[in-house]
Amino acid sequence: ISCNKTSVCPPRLVQLSHLHTSPNSQAPVPALPEKGGKTRHGIIPEELFQLLYPKTGVTGPYVLGAGLLTYILSKEIYIINHETFAAACMGTVIIYGVRKFGPDVAAFADKLNEEKVQKAQEVKDLAMTSLAQAIQDEKKEQWRAEGRQMLFDAKRNNVAMLLETNHRERVHMVTNEVKKRLDYQIALQTLHRRMEQEHMVNWVEKNVVTSITPQQEKASIAKCITDLKVLAKVQQAKTAK
Amino acid sequence: GIPLIALALTLPWILFPTPSTRWLNNRLITLQGWFINRFTQQLLLPLNLGGHKWAVLLTSLMLFLITLNMLGLLPYTFTPTTQLSLNMGLAVPLWLATVIIGMRNQPTAALGHLLPEGTPVPLIPVLIIIETISLFIRPLALGVRLTANLTAGHLLIQLIATAAFVLLPMMPTVAILTSIVLFLLTLLEIAVAMIQAYVFVLLLSLYL
């Protein structure tokens, strides 16, 4: 975008076209001074007084003002007429208004700026707190993730234990069942043997009983009686000693 | 005398600095920006979207008239708005614009404004004539109102100031006249209110 004599060139566009080519940098924008220029009596800048101070001292500018006024009035460069009167009244009203409402208006203007800054500050603060909170939460999540490993180990142990118990129960069950079967067999065999024993004993008894003839019975009874007599004699002899 | 015209031509430029590209400005620009924003907001409140096109024109008109009148209060200045030609030159084209736009976009509604609702039937012809007359008197009223108010104010200031000035050698009367002038001046700084009235009435004729 070129800027020639015939066309009107808005200053912004000129600055844009010189981006990164001229040594002047547009940003950061230099800060505005905090307060306005110092003035004495609200109108006359302080610099005039500083300027005249070396030559004329403190009263310099005042004398200058008074002399100028006298000169203007006496030479009738400025004539006092009715408008002077109106000017005086107007000046009084204006000065009164400024003195009375000046600080309030200035405070209001400052408040407007303050509100703007505060809104932006709120956004920034909110962003900061939410981001700090996000960092905290993230750290907590990381800690939780570590903890989760332990959780997994514990769960793995649990599952292994369960499996182990289950396996052992089943082994027990198997042993019990097998023992039952074997016991059954043993019981069966003992029963068999006992029955055979009883049967044999019965048979032997029966045979012995049937084989005892009456003679044998008598002979044995007689022997028993003689044995008993002998025993009684021995016993008597023992007790007599 | 001193050529005050030079001062009068150069000093008003200081009053309205161009709004800077900064986000936070100095007090003057902040205040002016705030005032313009509030005024435009109030102005556009009763209008629909079509009326919002008038925002720039009305706000700048308002600022123009305020500046003109306030600067005219200073001594040895001339207030252009005391001349009927300027005020009529502002009033008639703007009023005519609102009427023509209204007629072009919604002819029936624009004509319908001529008759208030709920009038008894026999009164209708008379009322239409009366409403038409009032419609055509509006630009006259706008212009003449502004002219008359400002001229009267300036005239009063000058007359009373002259009287007080002449009576200065004889003391007591001067004091009373002084206070009257002062009071009148404060009232005259309600030239601003005049501008409000002007722009507002202009706004009221915007039945767009």
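Residues numbered from 1 in each chain as written. Chains lettered and ligands numbered in written order. Predicted model: local features only at pLDDT ≥ 70, side-chain atom pairs only at ≥ 80, totals over all residues. Heavy atoms only, no water.

### Looking at the overall build of chain A
Let me state the cut-off plainly: Numbering goes from the N terminus for both helices and strands, where a helix is a DSSP run of H or I of at least four residues and a strand is a run of E of at least two. Buried, partly exposed and exposed residues are distinguished by accessible area as a fraction of the type maximum, computed with a 1.4 Å probe on protein chains only: under 20%, between the cut-offs, and over 50%, respectively. Residue burial considers only the protein chains on display, and all accessible areas are found by Shrake-Rupley using a 1.4 Å probe.
Along its length, chain A carries five helices and two strands. Tracing chain A from N to C terminus, the helices and strands come up as α-β-β-α-α-α-α. For chain A, buried positions account for 6% of its 241 residues. Roughly 21,700 Å² of accessible area belongs to chain A as shown, and the carbon and sulfur atoms make up 64% of that amount.

### Considerations on the UniProt feature "transmembrane region" (unreviewed entry) in chain B
For clarity, the threshold we go by: UniProt positions are given in the numbering used here, feature names are shortened, and annotations may be inferred rather than shown by experiment.
In the UniProt entry, the feature "transmembrane region" (unreviewed entry) is given for residues 54-74, 86-103, 123-141, 148-168 and 174-207 of chain B. Helix and strand shares over residues 86-103 of chain B are 100% and 0% respectively, and the end C-alpha atoms of the span are 26 Å apart.

### With respect to the packing of aromatic side chains
Pairs of aromatic rings are described using the distance from one ring centre to the other and the angle between the two planes. All names here are of chain B. Here is the rule we go by: Pairing of aromatic rings covers Phe, Tyr and Trp, the last through its six-membered ring, and needs centres within 6.5 Å; plane angles under 30 degrees mean stacked, over 60 mean edge-to-face, and all others mean tilted.
Tallied over the full model, the rule gives three aromatic pairs over all chains. Relative to Phe39, the ring of Phe35 lies with its centre 6.5 Å away and its plane at 25°, an arrangement referred to as stacked. On the criterion of helical spacing, the pair formed by Phe35 and Phe39 is a turn pair, its members being four residues apart in helix H3 (residues 27-44). Phe39 gets classed as buried once you look at its relative accessible area, which sits at 8%.

### Some remarks on the packing of helix H4 (residues 82-211) of chain A against helix H7 (residues 124-166) of chain B
The criterion, for reference: Axis lines are fitted through C-alpha atoms, for helices just across the contact stretch, and the angle between N-to-C directions can take any value from 0 to 180 degrees. Comment on the angle field: the value is read as roughly parallel under 35 degrees, roughly antiparallel over 145, roughly perpendicular from 65 to 115, and oblique elsewhere. Contact definition: two residues touch when any of their heavy atoms are within 4.5 Å. Each residue is assigned to one of three groups, with Ala, Val, Leu, Ile, Met, Phe, Trp, Tyr, Cys and Pro labelled nonpolar, Asp, Glu, Lys and Arg labelled charged, and all others, Gly among them, labelled polar.
It is the contact of H4 of chain A with H7 of chain B, at a shortest axis distance of 8 Å, that shows an interaxial angle of 110°. Comparing the axis directions of H4 of chain A and H7 of chain B gives the class roughly perpendicular. The segment H4 of chain A lies against H7 of chain B, with His82, Glu83, Phe85 and Ala86 of chain A engaging Ile157, Gln158, Ala161, Thr162, Ala164 and Phe165 of chain B. Grouping the amino acids of the contact of H4 of chain A with H7 of chain B by side-chain chemistry returns six nonpolar, three polar and one charged.

### Quick look at the pattern of salt bridges
Residues and elements named next belong to chain A. The condition that has to hold: A carboxyl oxygen of Asp or Glu within 4 Å of a side-chain nitrogen of Lys or Arg is what we treat as a salt bridge.
On inspection of all chains with the given rule, the structure shows seven salt bridges over all chains. Glu141 is paired through a salt bridge with Arg144; the nearest N and O atoms lie 2.8 Å apart. Of this pair, Glu141 and Arg144 both sit in helix H4, three residues apart, which is roughly one turn of that helix. Looking at Arg144, the relative accessible area reads 37%, which means it is partly exposed. Across the pair Arg156 and Asp153 runs a salt bridge, and its minimum N-O distance is 3.0 Å. A residue pair is termed a helical-turn pair when its members lie 3 or 4 positions apart in one helix, as Arg156 and Asp153 do in helix H4 at three residues. The class for Arg156 is exposed, based on a relative accessible area of 56%.

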